[in-house]
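An overview of the molecular structure
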Amino acid sequence: MKIPFLSFNETNKAVKQEILEAFESFFDKAWYILGDSVKQFEKEYADYNNVSNCIGVSNGLDALHLSLKALNIGAGDEVIVPSNTYIATLLAVSYVGANPVLVEPDISTYNIDPANIQKAITGRTKAIMPVHLYGQCCEMKEIMALAEKNNLFVIEDNAQSQGSAYGGKLTGTWGHINGTSFYPGKNLGALGDAGAITTNDKNLAHKIAVLRNYGSEKKYYNEVVGFNMRLDEIQAAFLSVKLKYLPEWTKQRQQIATWYNEALKNIFQIVLPSIAKEATHVYHLYVIRSERRDELQKYLQEHGIGTLIHYPVPPHLQKAYNHLGFKSGDFPIAEKIADTCLSLPIWPGMQNEDVNYVAEKIRKFYDR
């Protein structure tokens, strides 16, 4: 069998006709920037998340950058981020001139550990940026309590977890302002780059809407120094089509994860995903850990199974952040995850027999 790490076949098949109709409508209207499609998707995505405001932007990194900018976070400020994350989280902090302060994750959930946040807070700390990694919501009640106690902003990085929740409350609704990505491989993916910001603060929403559009509310009149970070009209139209299918695709991902959990449960050489008590998981990724990760990945590849490593080098060891002065061993939990994690195939349309084939090969690897 050939099982790719990611396949768009089933999702594309489900939406193809509607996507073509959306393109034809977009083409015939001949309105290409910030038109009705963006307004419609912003309303639909806000409704999906149970928030008052959604502002479409160019991508997930720009969503985080603009969120920080809107909160007036800048040079000399500190923003707490997880040590186990994609580098975009740190890049957004760097873009506004602030300093990322790394906090270790919980080794079980891979998300930032609230127990480690308080000791990282200083007089220069302005915000906490929790990342809902791999599809699981962070322990947001605890994080929001810490933020309130210390008078800090919270900016959720919700790029991987649309639709997950903690204590019944969805990601993208907890923070003062929150960024998400619609990169094509995400659970809700555009057909190119796209992103959004969610917030219940109408003043922040207005500020973001101005910042994303050259700092202008009225054409040719610029109130502030802004950016060209708008959501493309065509991507908004495509996202409106796909958003209707997201709940069903999420159910499929959760079912596939259940199949994996059952098929892999007695292979004691690997660590399966763990979910925090009040959290839900939408399985953007299904991540296992193995001390023989590299050998296992090679073996699976030889048997037609695609996998990826999310992420092989933690942010503090990236060359881009050499100036922070960190060395190997400074964040051992993040390094342990980076050295042992392996993302298995998971995508809507996968069948139980696909999962069983992957599990069978993993079992045979360890039985050799």
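Below is a short write-up of the structure. From a predicted model like this one, the values you see are computed outputs, not experimental measurements. (Residues numbered from 1 in each chain as written. Predicted model: local features only at pLDDT ≥ 70, side-chain atom pairs only at ≥ 80, totals over all residues. Heavy atoms only, no water.)

**A word on the side chain of N59**
In plain terms, the rule: Here a helix means four or more residues in a row that DSSP labels H or I, a strand means two or more in a row labelled E, and each is numbered from the N terminus. A simple rule labels every residue: compare its accessible area, found with a 1.4 Å probe on the protein chains alone, to the largest value its type can have, and call it buried under 20%, exposed over 50%, or partly exposed in between. Between N or O atoms, a polar contact is any pair within 3.5 Å; within protein, one atom must be a potential hydrogen donor and the other a potential acceptor, and residues adjacent in sequence are included only when both atoms are from side chains.
Position of N59 among the secondary structure elements: in the loop between β1 (53-57) and α3 (60-70). In this structure N59 comes out as buried when scored by relative accessible area, which is 19%. A polar contact is formed between the side chain of N59 and the backbone nitrogen of D62, at a distance of 2.8 Å.

**What about the nonpolar core?**
Spelled out, the test is: Take the buried Ala, Val, Leu, Ile, Met, Phe, Trp, Tyr and Cys residues and link them wherever side-chain atoms come within 4.5 Å; each set so joined is a nonpolar core. In this analysis, two residues are considered to be in contact whenever any of their non-hydrogen atoms come within 4.5 Å of each other.
With 38 residues, the main nonpolar core has Y260, L264, Y286, I288, L344 and I362 as its most contacted residues. Contributions of two or more residues to this core are made by α9 (246-264), β13 (286-290), α10 (293-302), β14 (341-344) and α12 (352-367). Here I288 is in contact with L264, I270, V271, L272, L296, T340, C341, L342, L344 and I362, once residues within four sequence places are set aside.

**As for unusual backbone geometry**
A cis geometry characterises the amide bond from H310 onward to Y311, with omega recorded as 15 degrees. Of note in the backbone geometry, A30 takes a positive phi value of approximately 55 degrees without being a glycine. A30 sits in the partly exposed class, given a relative accessible area of 44%.

**Some details on the pairing of strand β9 (residues 195-199)**
Operational definition: Any two strands between which DSSP finds at least two bridges are classified as paired.
The buried count for β9 comes to 5 of 5 residues, which makes it a mostly enclosed element. The side-chain alternation of β9 yields two buried faces, one formed by G195, I197 and T199 and the other by A196 and T198. Relative to β9, strand β8 (residues 177-181) runs antiparallel, the two being bridged by 4 bridges. When the sheet's bridge partners are listed, G179 is paired in β9 with I197.

**Brief notes about the sheet that holds β9**
Threshold: Here, axes are lines fitted to C-alpha atoms. For helices the fit covers the stretch in contact, and angles between N-to-C directions go from 0 to 180 degrees.
Reading across from one edge, β1-β9-β8-β5-β4-β2-β3 is the order of the 7 strands in this open sheet, with mixed pairing throughout. The open sheet has two edge strands with one neighbour each: β1 and β3 (99-103). Here the strands of the sheet are splayed against their neighbours by 25 degrees on average, with no regard to which way each runs. With 5 bridges connecting them, strand β2 (residues 78-82) and β3 associate as parallel partners.

**Here we look at the packing of α9 against α12**
Just so we agree on the cut-off: Should the near helix be turned counterclockwise from the far one by less than a right angle, the crossing is left-handed, whereas a clockwise turn marks it as right-handed. Each residue receives one of three labels: charged for Asp, Glu, Lys and Arg, nonpolar for Ala, Val, Leu, Ile, Met, Phe, Trp, Tyr, Cys and Pro, and polar for the others, Gly being one of them.
Put simply, α9 and α12 touch, their axes get as near as 9 Å, and they point 35 degrees apart. Crossing angle aside, the handedness with which α9 passes α12 is right-handed. When α9 is examined against α12, the residues I256, W259, Y260, A263 and L264 are found in contact with a partner set consisting of N352, V355, N356, V358, A359, I362 and R363. Considered class by class, the residues forming the contact of α9 with α12 number 9 nonpolar, 2 polar and 1 charged.

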